[in-house]
Amino acid sequence: MAGKEKAKTEASTMMAQARDEAAHAQAAVTTAPRGKGTEADLASLKSDATSIDTTLQEMQQAFDAGDYIGAKTKAQAAMDAAKRIEDEIAQAKAGRRAA
């Protein structure tokens, strides 16, 4: 039983982190540089951010079903996707400053 409780606690912690990262990514999308030639990139980033929401929903469903390993996997996927979005936007901002 201790193993299941440990997995549940770990999943719960990762889920909170995933939600925080997703919120940061959503906020980053709203501050992404806009201008000529960025429309397609912004649309892609918004789509990626929306897909994180789907992953978060799947994460919660797995957790609710007692699939803590599945919830942790989905949480990690959401965090990775959010980090990619934030990194892309940071690079775009740095590129605009350098131009």
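Our subject is the structure that appears above.
Residues numbered from 1 in each chain as written. Predicted model: local features only at pLDDT ≥ 70, side-chain atom pairs only at ≥ 80, totals over all residues. Heavy atoms only, no water.

Caption draft 1: Structural detail: the overall build of the chain. Of the regular secondary structure elements, the chain holds three helices and zero strands. In summary, the chain has a C-alpha radius of gyration of 16 Å against a globular reference of 13 Å for 99 residues, an excess of more than 25%. C-alpha atoms of the chain, sized along the principal axes, occupy 60 × 20 × 15 Å. The buried share of the chain, reckoned over its 99 residues, is 31%. The long-range share in the chain, meaning contacts at least 24 apart out of those at least 6 apart in sequence, stands at 77%. Looking at the chain as shown, the accessible area adds up to about 6,100 Å², and 53% of this sits on carbon and sulfur atoms. (Helix = DSSP H or I, 4+ residues; strand = E, 2+ residues; numbered from the N terminus. Rg over C-alpha atoms; globule rule 2.2 N^0.38 Å. Buried < 20%, exposed > 50% of the residue type's maximum accessible area, 1.4 Å probe, protein only. Contact = heavy atoms within 4.5 Å. Areas by Shrake-Rupley, 256 points an atom, 1.4 Å probe, with all protein chains shown as cover.)

Caption draft 2: Focus on the pattern of salt bridges. For the coordinates displayed, the defined rule picks out four salt bridges. A salt bridge links E10 to K72, with the shortest nitrogen-to-oxygen separation between them at 2.6 Å. One end of the pair, E10, is in helix α1 (residues 2-30); the other, K72, is in helix α3 (residues 68-98), and 62 residues separate them in sequence. Residue class for K72 comes out partly exposed when judged on its relative accessible area of 22%. (Salt bridge = Lys/Arg side-chain N within 4 Å of Asp/Glu carboxyl O.)

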